[in-house]
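What the coordinates show
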Amino acid sequence: MKKMITLYEKGAHSWRVVARDPARPNHLIDTNEYLISHGDATLLTDPGGQEVFPAVFAAIAEGWDPRKINTLFSSHQDPDVISSLALWLDFNPAIKCHTSWLWCSFIPHFGGDEGTLVPIPDEGCGIEVGGFMLQAVPAHFLHSSGNFHLFDADAGILFTGDVGAALQPPEAPLFVENFSEHIKLAEGFHKRWMGSAAAKNDWCHRARALKPTMLCPQHGAIYRGDDVMRFIDWFEALEVGVLRKAKH
Amino acid sequence: MSSVNGLTVVVALNEAAKDMREHSFQVRIRALDALVRSAKQQSSGLAGFREVSHQMRRWSDDLGTQLESLQKLCGESVVRESQFRTMLRKRRLMERAAQLSPAGALEHCLAATSTRDAKLRTTRLAELHRTIVELEALTQLGLMAIVLSHTAMIEAAGAGNRERAVLSQVAREFGEHANSVLRIGKRLVPLARTAREAA
């Protein structure tokens, strides 16, 4: 089963990650879900696909009160990100889901009605959780055409969706331990999934300016300390939008 | 068939409805042709055949109405069956979540799901029952048409030498279409019953 681990806690403000499911079938990509709490309100980032809902819900319920989750944040529209929406709404029909305006009429194919989705404009906006303001940071075309990351200025944590993702086995450590080894697992993914060099460079400038202390992707290990800037530098230098050449 | 479900029945019904529409159309054409031929003759000996031709045409109309109703039901069943399949998947995931989570975490959710599921199951069962009733009505229509085709044969035999062969052919073809409709109806009733039992 997945485990929930605390990443940051200061008074009533906290970040937790639900990660690493050894029981996950191989045909499903592993995902990280982050719970950002302030007071009695909780936001869940990229709540995951339908098939991982049992593992995600159970891990949260084990160490947190899932009834506190009143907000979802969907970085983009992919099924591994938000296809569990209908199940979360079964649990709490009042949940609101913030996502790019671009996907507000697409995501309801997974569930919800006209009141469920809260559109985020292209330039980003604040998202309130229990009186605390998180910032939706534009990350369009990385990889989705309507894509956002989420920044917490107090905790210094940047949730980066698919940026920084690495395809790792479930027994891999939660935090990046050896950057040069780890980044090999991320390279192919970033070259193929991230299609725009302009968007990538734009994001690198924006992310660098935020000075995050932790960079939390939806797949794979979390970057912290010096590895955060190491990643941004590496990403800036990376040639993206590359189709792997067939071997002859 | 081990995997008979509502969608299997709907697909079979829709395909059968297409076949039956074709039979209905052919019968209508034959009936009109026979009416024109017998009207041309103005012979009192063909009055019976004219009446049978009218009835063939009416039968074709009745079959059309019955098929319309059946296809409307098919449309509703597709919606219901899709809801049912989605419900089964959600239920499986919700039950798994409840099993893994601390006791009571999803109790209200499972209770609400059960109530919704029960309603959906009842509606789905009622629809399958209606399908069976509609198919039985179609089978009855097929039987009636077979009787009518026998009458047409008898009436054709009473026609003059010139018309007898043509009218007998019309009656024979009507009989074949009637038999096809009956066969289709008889084939589908057990399929729908199996789906209802499985539900």
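Before going further, it helps to spend a moment on the overall build of chain B. For chain B, the helix and strand inventory stands at four helices and zero strands. For chain B, the succession of helices and strands along the chain, N to C, is α-α-α-α. Against the compact-globule benchmark of 16 Å for 199 residues, chain B has a radius of gyration of 24 Å, which places it well outside the compact range. Counting only C-alpha atoms, chain B reaches 90 × 25 × 20 Å along its principal axes.

Time to look at the overall build of chain A. When its secondary structure is counted, chain A shows seven helices and 13 strands. Over its C-alpha trace chain A gives a radius of gyration of 17 Å, about what one expects of a compact globule, namely 18 Å for 248 residues. Based on the C-alpha atoms only, the size of chain A along its principal axes is roughly 50 × 40 × 35 Å. Expressed as a percentage of the 248 residues in chain A, the buried residues total 48%. Considering only contacts within chain A whose residues lie at least 6 apart along the sequence, 63% involve residues at least 24 apart.

Looking now at the packing of helix α3 (residues 107-157) of chain B against helix α4 (residues 161-198) of chain B. Residues and elements named next belong to chain B. It is at 8 Å that the axes of α3 and α4 come closest, and there the two elements cross at 160°. Put simply, α3 runs roughly antiparallel to α4. The way α3 lies across α4 gives a crossing that is left-handed. Considering only residue class, the contact of α3 with α4 consists of 24 nonpolar, nine polar and five charged.

All names here are of chain B. The share of residues in chain B with pLDDT of 70 or more is 96%, and the mean pLDDT across the chain is 86. Looking over chain B, one finds the lowest element-wise mean pLDDT in helix α1 (residues 6-41), namely 84, and the highest in α3, namely 90. Quick note on the complex model: pTM equals 0.81, ipTM equals 0.79.

A separate point is the pairing of strand β5 (residues 69-73) of chain A. All names here are of chain A. The element β5 is extensively covered by neighbouring structure, given that four of its five residues are classed as buried. As paired elements, strand β4 (residues 41-45) and β5 share four bridges and run parallel to each other. Its bridge partner being in β5, T45 is matched across the sheet by F73. Each parallel crossover has a hand, and the one from β4 via helix α1 (residues 53-63) to β5 is right-handed. By the bridge criterion, three bridges tie β5 to strand β6 (residues 96-100) in an arrangement that is parallel. Each bridged residue has a counterpart across the sheet, and for L72 the counterpart in β6 is C97.

Residue and element names in this part refer to chain A. Read from one edge to the other, the open sheet built from six strands follows the order β8-β9-β10-β11-β12-β13, with strand pairing classed as mixed. Of all the strands in the sheet, just β8 (125-129) and β13 (223-224) have a single pairing partner and so form its edges. Where strand β10 (residues 148-152) meets strand β11 (residues 157-161), three bridges bridge the pair, whose relative direction is antiparallel. Bridging from a neighbouring strand, F151 pairs with L158 of β11.

All names here are of chain A. Of note, the bond from L142 into H143 is cis; its omega dihedral lies within 30 degrees of zero at 0°. Checked against the element boundaries, H143 lands in the loop between β9 (132-138) and β10. The residue D46 is not glycine, and still its phi comes out positive at about 30°. Relative to the elements of secondary structure, D46 occurs in the loop between β4 and α1. Backbone geometry at K211 places phi at a positive 50°, although glycine is not the residue there. Looking at where K211 falls in the secondary structure, it is placed in the loop between α6 (197-210) and β12 (214-217).

Take the environment of L128 of chain B next. All names here are of chain B. Residue position: L128 is located in helix α3. For the pair L128 and L73, spaced 55 residues apart in the sequence, the C-alpha separation amounts to 9.3 Å. When sequence neighbours within four positions are dropped, the list of residues in contact with L128 reads G6, A192, A195, R196 and A199.

With 14 residues of chain A in contact, the opposing surface of chain B contributes twelve residues. Of all the secondary-structure elements, those providing two or more residues to the side of chain A that touches chain B are α1 and α3 (85-91) of chain A. Tallying contributions element by element places α1 of chain A first for the side of chain A that touches chain B, with seven residues. Per-class residue counts for the side of chain A that touches chain B are eleven nonpolar, one polar and two charged.

The rules behind each value
- All residue numbers here refer to positions counted from 1 along the written sequence of the relevant chain.
- Just so you know, chain letters begin at A and ligand numbers begin at 1, following the order they were written in.
- Where local features are concerned, this predicted model is filtered to residues with pLDDT of at least 70; where side-chain atom pairs are given and counted, the filter is 80 or more; whole-chain, interface and lining totals use all residues.
- Comment: elements are numbered from the N terminus, with helices defined as DSSP H or I runs of at least four residues and strands as E runs of at least two.
- With C-alpha atoms as the basis for the radius of gyration, the globule rule is written as 2.2 Å multiplied by the number of residues raised to the power 0.38.
- Exposed residues have 12 or fewer other C-beta atoms within 10 Å of their own C-beta, buried residues have 20 or more, and residues in between are partly exposed; the C-beta atoms are placed from the backbone.
- Note that contacts rest on C-beta atoms placed from the backbone: two residues are in contact if these are within 7 Å.
- Angular values range over 0 to 180 degrees, each being the angle between N-to-C directions of two axes fitted as lines to C-alpha atoms, with helices fitted over their stretch in contact.
- Should an angle fall under 35 degrees it is called roughly parallel, over 145 degrees roughly antiparallel, and 65 to 115 degrees roughly perpendicular, with every other angle called oblique.
- It is the rotation of the near helix from the far one that decides the hand of a crossing: anticlockwise by less than a right angle makes it left-handed, clockwise makes it right-handed.
- Any residue that is not Ala, Val, Leu, Ile, Met, Phe, Trp, Tyr, Cys, Pro, Asp, Glu, Lys or Arg is counted as polar, Gly included; the first ten are nonpolar and the last four charged.
- Here pLDDT means the predictor's own confidence in every residue, given as a number from 0 to 100.
- A pair of strands is labelled paired if DSSP reports no fewer than 2 bridges between them.
- Crossover handedness is defined here as right-handed if the route from the first strand over the helix to the second strand goes clockwise, with the strands pointing away from the viewer.

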